[in-house]
Amino acid sequence: GYKGVPLPELEKEDLFDYKKGIVRNNHGKVTSSILNTNTNSLDTKGGLYVSGWLKRGPSGIIGTNISDAKDTVASILFDLKNGNIFDDDDANKEDDVQVDVSSKSGRDGLNLLLKERGVKIVDWDFYRKIDAEEKTPGRLRSERQPREKITSVQEMLQLL
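Residues numbered from 1 in each chain as written. Predicted model: local features only at pLDDT ≥ 70, side-chain atom pairs only at ≥ 80, totals over all residues. Heavy atoms only, no water.

Section: the overall build of the chain
The secondary structure content of the chain amounts to six helices and five strands. Listing the helices and strands of the chain from first to last along the sequence gives α-β-β-β-β-β-α-α-α-α-α. Burial analysis of the chain (160 residues in total) assigns 21% to the buried set. Accessible area for the chain stands at about 12,300 Å²; split by element, carbon and sulfur atoms hold 54% of it. (Helix = DSSP H or I, 4+ residues; strand = E, 2+ residues; numbered from the N terminus. Buried < 20%, exposed > 50% of the residue type's maximum accessible area, 1.4 Å probe, protein only. Areas by Shrake-Rupley, 256 points an atom, 1.4 Å probe, with all protein chains shown as cover.)

Structure below.
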């Protein structure tokens, strides 16, 4: 079977539920297991969200992932609208990105931001190159194997 495992950073902050194999969360917003006595709720980690199997455990199909992702996105949008993305302790850090939600430049704005930051985008054509490479006979361990997944981002980017 499958089960999520924590990154070291999650262990330090008590953000991972070992029994369930998930990141502790409330509708995708990452929480700790520590009860905040001021709010009588679990402490949240500003700006950290989770979706998919690390949110709910290894269950479901593609449709489950879609509705699960929508739930997490709804939490993100709620927090953006209400200015809750960053913890008070994080508000003055220089590396935090303040998000102006009043400006809705959509896909064009996102593409410009990614280009400015030098982010390499996996578009449909690039995905098809990865897909074809994973199915190359020389990569396969047997004739019955449909593909050998490329698990290294560096190896994927070499296909660009």
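From this point, the narrative continues.
Observations regarding the confidence of the model for the chain
On average, the chain scores 78 in pLDDT, and the residues at 70 or more come to 76%. Taking the mean pLDDT of every element in the chain, the minimum, 66, falls on strand β5 (residues 41-49) and the maximum, 92, on helix α5 (residues 124-134). (pLDDT = per-residue confidence, 0-100.)

Re a nonpolar patch on the surface
On the surface, a nonpolar cluster with roughly 350 Å² of combined accessible area is contributed by Val122, Trp124 and Tyr127. By the element assignment, Tyr127 lies in helix α5. (Patch = residues over 30% accessible without salt bridge, like charges linked within 9 Å, V, L, I, M, F, W, Y side chains within 5 Å. Salt bridge = Lys/Arg side-chain N within 4 Å of Asp/Glu carboxyl O.)

Describing the packing of aromatic side chains
Evaluated as defined, the whole model comprises two aromatic pairs. Taken together, a centroid distance of 5.3 Å and an interplanar angle of 75° make the contact between Phe16 and Tyr18 edge-to-face. (Phe/Tyr/Trp six-rings, centres within 6.5 Å; stacked < 30°, edge-to-face > 60°.)

Quick look at α5
Looking at α5, one finds that the buried residues are Phe126, Ile130, Asp131 and Glu134. All buried residues of α5 lie within an arc of 145° about the axis, which places them on one face of the element. Across α5 from its buried face, at more than 90 degrees, point the exposed residues Trp124 and Asp125. Contacts from the buried residues of α5 go to α6 (153-157). (Arc of directions from axis to C-beta. Contact = heavy atoms within 4.5 Å.)

Focus on the pattern of salt bridges
Following the criterion strictly, the structure yields eleven salt bridges and no others. In this structure, Arg24 engages Asp17 in a salt bridge whose closest nitrogen and oxygen atoms are separated by 3.9 Å. Classification of Arg24 by relative accessible area gives partly exposed; the value is 21%. On the accessibility criterion, Asp17 (15% relative accessible area) is buried. Between Lys55 and Asp71 there is a salt bridge, with the nearest N and O atoms lying 2.7 Å from each other. With Lys55 in helix α2 (residues 53-56) and Asp71 in helix α3 (residues 62-82), the pair connects residues that are 16 residues apart, well separated along the chain. Residue classification places Lys55 among the buried positions, given a relative accessible area of 8%. Salt bridges sharing common partners tie together Asp131, Glu134, Lys135, Arg147 and Lys149.

Concerning α3
With 21 residues, α3 should cover 30 Å at 1.5 Å per step; its first-to-last C-alpha distance of 30 Å lies within 8% of that length. Buried within α3 we find Asp68, Thr72, Ser75 and Asp79. All buried residues of α3 lie within an arc of 50° about the axis, which places them on one face of the element. Those residues of α3 that are exposed and aimed more than 90 degrees away from the buried face are Ile62, Lys70, Leu77 and Lys81. Looking one or two residues beyond α3, the residue adopting positive phi is Gly83, at roughly 70°. (Expected span 1.5 Å × (residues − 1).)

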